[in-house]
Amino acid sequence: MASFHYHTNREKHFLFLFSVFFLLLSPAPMSTTHSLSATLSSNEDSEPVVPTNPLVTFLERVQKTALQTYGNSNFDPKNYVDLSLKSNLSTTVEEFDELSKTANGSVSVKDLEGFIGKYFKGAGEDLVYAEPVDFVPEPHGFLPKVDNPEVRAWALEVHALWKNLSRKVSSSVHHHPELHTLLPLPRPVMIPGSRFREVYYWDSYWVIRGLLASKMYETAKAIVTNLISLLDAYGHVLNGARAYYTNRSQPPLLSAMVYEIYNRTGDVELVRKSLPPLLKEYKFWNSEIHKLIIRDAEQGNHSLNRYYAMWNKPRPESSTIDEEFASNFLNVSEKQQFYRELASTAESGWDFSTRWMRNSSEFTTLAATTILPVDLNMFILRMELDIAFLAKVVGENTVAEDFLRASQTREKAFNSVFWNEKMGQWLDYWLNNGVECEELQIWEAQNQNQNMFASNFVPLWIDLFNSDTPLVEKVMRSLQSSGLLCAAGIATSLTNSGQQWDFPNGWAPLQHMIVEGLSRSASTEARTLAEDIAERWIRTNYVAYKKTGAMHEKYNVEKCGEYGGGGEYIPQTGFGWSNGVVLAFLEEFGWPKDKKIDCN
């Protein structure tokens, strides 16, 4: 679908929207967006692939050589695909090919370091510091419920971290994009921190929630502008603003960002500008690669969604790691499917977790494309509700009514496919092996994944569910008995697999969605539990900050004040969404003057 500019003839606009909704609400599978299909190639099995560019392909070669030269110790493959060229690619490739290599492909440390220093700028040098236009050391009306001076002082330090994370794309990226894997963006950005030196999609929602608590409204709007620019260019919001992320998205929260900013600022023009791109994103997530039909026990058909990356090769940012795991497969098609599962799991944001594995002890059994995830479908349900609300704001009542109907249809699907009455949770649904996405599948109770994950509770975030008090109290009791509630927050799962989206790690987004859902209900008991979980999370962030001088990407919820670990890279600091959730919790719940902040 070509980019659509809102300020066109109104009659044409309505005809356009009518045609969009005829497609979106049709029971037939939708085709992919025009901008997407125009860039897709296919492998021999007709599975979609977004081609990479020659620079990324070359940097993967450099990455592989660096691993063979330096070895595994403290090796981060992402550093090499984040390098930018000092001169043209062909000259650099020629010089690289002239390096003296051993039989296994390694070069001497001296030669490799000399080559990288001569032909590349360092990873991260294509982003430069940008002073946030709306930062002040202590905003007027900042966290009015925080009365404890110690907590307020710390909150102001977290607020000040926005300055540390603020960047803009360098002029070289705009003028010579062929030299960079970083993608040009029109406005300043907030990066998560550490190795994550570019914009990430779903991180941005919780960054924005923190920026709103910090009264940094223009910075928050700039994030939305940047994400819309990616959506306009590629047909979907990318996982991150790098050339190697064009083959996948991340949990779709753009509509939620626009909704939150509008609720705080009343900026109707932002809503008007955002609505056509949001319709484009909705179409992407309801394209034929993402959408499947499930028939329930009452013969009702439900359209639901999955993650599905448009990629069947090693992820460039982790190419050497992926190839090592793929060596367990003997034939090309098995390797390609495994690579697609890796990228699709990365699209979920939960990279990696036993949630996506058929065998929790075997990483190569990743099968994200055969799962209908509760949280993805909850995000799309929220998108439908957000678009209905935002369309009404700008007077597009037909659009609002259509999306309200779509949300009601998806709500029925939630109740039929995901809800487990006995457990009091919403459960991921596993698809049968070997079934094509076009084929209708019959719902089977045994296909619900009854393992315990924090995602089983995140639908509480949606007002459709948290406004039902008996439902909230049933889910709350299930959460209390789940084993996920720990000393320092909610664990991601009960399986200690060594993967970072498993026990004992807790993540800011999961704490926030569940806490906010509980706190918005009419149940006094649920609101009390929400505040208790928020306090535990604030405490562990505070104590870890005092011990290490940093905010962390994830935390060990077994022990107050301990940051998390596991996964394919070392623990990261910064950290965008952790900062955002702490500020959002302190804004919502405050901290009384006489309440201790140290671990109990």
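This write-up is about the structure you can find in this document. (Residues numbered from 1 in each chain as written. Predicted model: local features only at pLDDT ≥ 70, side-chain atom pairs only at ≥ 80, totals over all residues. Heavy atoms only, no water.)

Structural notes on helix H6 (residues 109-119)
Phase 1: Where H6 is concerned, the buried positions are Leu112, Phe115, Ile116 and Tyr119. Projected down its long axis, H6 carries its buried residues within an arc of 95°, all on one side. Exposed residues on H6 whose side chains face more than 90 degrees from its buried face are Lys110 and Lys118. (Buried < 20%, exposed > 50% of the residue type's maximum accessible area, 1.4 Å probe, protein only. Helix = DSSP H or I, 4+ residues; strand = E, 2+ residues; numbered from the N terminus. Arc of directions from axis to C-beta.)

Observations regarding the side chain of Ser106
Phase 1: Tracing the backbone shows Ser106 in the loop between helix H5 (89-97) and H6.
Phase 2: Residue classification places Ser106 among the buried residues on the basis of a relative accessible area of 10%.
Phase 3: In terms of polar contacts, Ser106 uses its side chain to reach the side chain of Thr102, at 2.8 Å.
Phase 4: Setting aside residues no more than four positions away along its own chain, Ser106 makes contact with Gln68, Thr69, Ser100 and Lys101. (Polar contact = N/O pair within 3.5 Å; in protein donor to acceptor, adjacent residues only side chain to side chain. Contact = heavy atoms within 4.5 Å.)

Thoughts on the side chain of Arg248
Phase 1: Relative to the assigned elements, Arg248 resides in the loop between helix H10 (217-234) and helix H11 (254-265).
Phase 2: Accessibility expressed as a relative area gives 2% for Arg248, which makes it buried.
Phase 3: Within the local environment of Arg248, its side chain forms a polar contact with the side chain of Glu317, the two groups lying 2.7 Å apart.

A closer look at the state of the cysteines
Here, disulfide denotes a covalent bond that connects the sulfur atoms of two cysteines.
Phase 1: Under the counting rule described, the total for this entry stands at one disulfide.
Phase 2: Each disulfide pairs two cysteine sulfurs, and for Cys560 the partner residue is Cys599, the sulfurs being separated by 2.0 Å. Linking Cys560 and Cys599, the disulfide has an S-S dihedral of approximately -80° and is accordingly described as left-handed. Pair noted here: Cys560 is in the loop between strand E18 (555-556) and helix H21 (576-589) and Cys599 is in the segment after H21, with a separation of 39 residues, a long-range link.
Phase 3: Its relative accessible area of 25% is what places Cys560 among the partly exposed residues.
Phase 4: We classify Cys599 as partly exposed; its relative accessible area is 26%.
Phase 5: Lacking any disulfide linkage, Cys486 is separated from the closest cysteine sulfur, that of Cys560, by 12 Å.
Phase 6: Using a relative accessible area of 12% as the deciding quantity, one classes Cys486 as buried. (Disulfide = S-S within 2.5 Å.)

What to know about the pattern of salt bridges
Phase 1: Under the counting rule described, the total for this entry stands at 33 salt bridges.
Phase 2: In this structure, Glu131 engages Lys163 in a salt bridge whose closest nitrogen and oxygen atoms are separated by 3.5 Å. Placement of Glu131 in the loop between strand E5 (127-129) and helix H7 (149-165) and of Lys163 in helix H7 is noted, with a sequence separation of 32 residues between them.
Phase 3: Here Lys554 makes a salt bridge to Glu553, at a shortest N to O gap of 3.0 Å.
Phase 4: A single network of salt bridges, built from pairs that share partners, joins Lys78, Asp82, Asp126, Arg197, Glu198 and Arg242. (Salt bridge = Lys/Arg side-chain N within 4 Å of Asp/Glu carboxyl O.)

Quick word on empty space enclosed by the protein
Phase 1: The full count for this structure, using the stated rule, is two cavities of 30 Å³ or more.
Phase 2: Counted as a void, the largest cavity has a volume near 300 Å³.
Phase 3: As for the largest cavity, its lining consists of 25 residues, of which Phe196, Tyr200, Gln250, Asp351 and Tyr569 are closest to the centre.
Phase 4: Grouping the constituent residues of the lining of the largest cavity by class yields eleven nonpolar, five polar and nine charged. (1 Å grid on protein atoms, 1.4 Å probe; cavity = no way out; pocket = protein on both sides within 12 Å on 5 of 7 lines; lining within 4 Å. Points joined across faces, edges and corners; volume = space filled by probe spheres on them. Nonpolar A, V, L, I, M, F, W, Y, C, P; charged D, E, K, R; others polar.)

Let's talk about the sheet that holds strand E8 (residues 291-295)
Phase 1: Strand order in the open sheet formed by three strands is E9-E8-E14, and the pairing between neighbours is mixed. Looking at the sheet topology across the chains shown, the edges are occupied by strand E9 (301-305) and strand E14 (441-442).
Phase 2: Where E8 and E14 come together, two bridges link them in parallel fashion. Each residue of the ladder has a partner; that of Arg295, found in E14, is Ile442. (Pairing = 2+ DSSP bridges.)

Thoughts on the packing of aromatic side chains
Phase 1: Applying the stated rule across the entire model yields 43 aromatic pairs.
Phase 2: Here the aromatic rings of Phe338 and Tyr339 are separated by 6.3 Å at their centres, their planes lie at 45°, and the arrangement is tilted. The exposure classification of Phe338 matches that of Tyr339, with both residues buried.
Phase 3: Through a chain of ring-to-ring contacts, the aromatic side chains of Trp202, Tyr205, Trp206, Trp350, Phe379, Trp461, Trp501, Trp507 and Trp577 assemble into a single cluster.
Phase 4: Above the ring of Trp311, the side-chain terminus of Lys313 is found at 5.1 Å from the ring centroid. (Phe/Tyr/Trp six-rings, centres within 6.5 Å; stacked < 30°, edge-to-face > 60°. Lys NZ or Arg CZ within 6 Å of the ring centre and 35° of its normal.)

Re the pairing of E8
Phase 1: Of all five residues in E8, four are buried, a share of seventy percent or more.
Phase 2: Note that E8 and E9 share five bridges and pair antiparallel. Residue Leu292 lies in a different strand from E9, and its bridge partner there is Leu304.

Quick notes on the layout of surface pockets
Phase 1: Quantified by volume, the second largest pocket comes out at close to 510 Å³.
Phase 2: For the second largest pocket, the lining is made up of 24 residues, of which Tyr259, Glu260, Arg382, Asp463 and Arg520 are closest to its centre.
Phase 3: Counting residues per element, the ones that place at least two in the lining of the second largest pocket are helix H9 (203-213), H11, helix H15 (374-393), helix H17 (463-466), helix H19 (508-519) and H21.
Phase 4: For the lining of the second largest pocket, the leading source of residues is H21, giving five residues.
Phase 5: A class-by-class count of the residues in the lining of the second largest pocket yields eleven nonpolar, three polar and ten charged.

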